[in-house]
Amino acid sequence: MKFLITGGAGFVGSHIAEELIRSKRGEVVIFDNLSVGKKKNIPTGCQFIKGDIRDLKEITRAVRGVDVIFHNAAFVSIRKSFDMPKEELDNNVYGTLNVLEAAVKNGIKKFIFASSMAVYGEPTHLPIKEESQLAPTSPYGLSKLRGEMYCKVFQNKHGLDTTILRYFNIFGVKQTPSDYVGVTTIFINQALNKKPLTILGDGSQTRDFVWVKDVARANISAALSEKSGVKVFNIASGKEITVNEIADSISKYLGNKKKHFPATGTEIQRARADISKAQKVLKYKPEGDLLKMLPDIIDWWKDENKK
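In this structure the tally under the stated criterion is 15 salt bridges. Across the salt bridge formed by D67 and K109, the nearest N and O atoms sit 3.4 Å from each other. Taken as a pair, D67 in the loop between α2 (56-63) and β4 (68-71) and K109 in the loop between α4 (85-105) and β5 (110-116) lie far apart in primary sequence, 42 residues in all. A salt bridge links E287 to R217, with the shortest nitrogen-to-oxygen separation between them at 3.5 Å. Here E287 is found in the loop between α9 (276-281) and α10 (290-306), whereas its partner R217 is found in helix α7 (residues 212-224), with 70 residues between them in sequence. Note on E287: relative accessible area 57%, which makes it exposed. Using a relative accessible area of 27% as the deciding quantity, one classes R217 as partly exposed. Taken together, the shared-partner salt bridges connect E18, K174 and K213 into one network.

With respect to the helices and strands, E19 occurs in helix α1 (residues 11-22). Discounting residues that sit within four places of it in the chain, E19 has contacts with A216, R217 and I220.

Moving on to the side chain of H15. Here H15 is to be found in helix α1. By relative accessible area, which is 3% here, H15 ends up buried. A distance of 3.0 Å separates a polar side-chain atom of H15 from the backbone oxygen of V173. Setting aside anything within four residues of it in sequence, one finds H15 in contact with V173, K174, V212, K213 and A216.

Scanning the model with the defined rule gives three aromatic pairs in all. Centroid distance W300 to W301: 4.9 Å. Interplanar angle 85°. Geometry classified as edge-to-face. A cation sits over an aromatic face here: K277 above F233, 5.4 Å from the ring centre.

Reading the values: rules and limits
- Throughout this document, residue positions are counted from 1 along each chain, in the order its sequence is written.
- For this predicted model, a pLDDT threshold of at least 70 governs which residues receive local features, and a threshold of 80 or more governs which side-chain atom pairs are given and counted, while totals over whole chains, interfaces and linings are taken from all residues.
- The basis for every side-chain value is the complete set of heavy atoms in the structure, and neither hydrogens nor water enter the calculation.
- Salt bridges are defined by distance alone: a side-chain nitrogen of Lys or Arg within 4 Å of a carboxyl oxygen of Asp or Glu.
- Helix numbering and strand numbering both begin at the N terminus, where a helix is a DSSP run of H or I of at least 4 residues and a strand a DSSP run of E of at least 2.
- Burial classes follow relative accessibility: with a 1.4 Å probe on protein chains only, a residue under 20% of its type's maximum area counts as buried, one over 50% as exposed, and anything between as partly exposed.
- In what follows, residue pairs with any heavy atoms lying within 4.5 Å of each other are defined as contacts.
- Whenever a nitrogen or oxygen atom comes within 3.5 Å of another N or O atom, the pair is scored as a polar contact, on the condition that within protein one atom can donate a hydrogen and the other can accept it, and that pairs from neighbouring residues in sequence are kept only if both atoms are in side chains.
- By convention, a stacked pair of Phe, Tyr or Trp rings (six-membered ring in the case of Trp) has centres within 6.5 Å and planes under 30 degrees apart, an edge-to-face pair has planes over 60 apart, and any other such pair is tilted.
- Only Lys NZ and Arg CZ are tested; either one counts as a charge over a ring when it is within 6 Å of the ring centre and within 35 degrees of the ring normal.

Shown next, in the form of structure tokens:
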């Protein structure tokens, strides 16, 4: 089989590529504009095409001869989407439409769409099920929901076999550090730079943290699953961890103190996913434990910051 990963030089995409190469599933093509992703993340053995999903001609050429598309290229920040809604819309909606059109033109067998817990907004009940209310509270969440809806349209109109994976808060190595990425990466880099760990609000807010390698394996399981209409799965750990717990654990290893700032009002208070559907259908078994894996992640960042 031949696989194409949009955003394959980025955090999640590069781990999907690694798992495909490791398990010898077939040819792997990386399609990335390197605006966030890094060429050094691309595993040996992959073909690399520098291109942008916002260019229909570029992505259509890249998809020729491909069997499966993992669509991970996106504008990925909830907070930043409030400041840059047009750029976010261009990437996450029009870019996704381009990839879907390219998939149909080239007779793609499977289309795996990277969605987000942000489509749920503030949950009314926990755990969050795939059938829970969809009420995004950010431009990012809205664009991911629109992407899901376009996937369903293309499934119904063109028969494109689509699976939607709603990622919760992903942790692991190779995440590009910035003010807008995962809280674990932010805290570790703040600590290594001798800065306080900045927390919005009192830190009691919870998230469901999932290891990036578990996410990668879920993508591959989805790609190999049988065709049965549009499928939607939560990809998470099924557990809650508070922001304070993460900050305190990092402080234990690196000694930095916390510093609290007023909450912005743009982030949800609690999140915990129901992952039973993915467990049953995809045989999904999350293995990563954030608090136990923190020392290894910290060590990786220490080495990375020396380069």
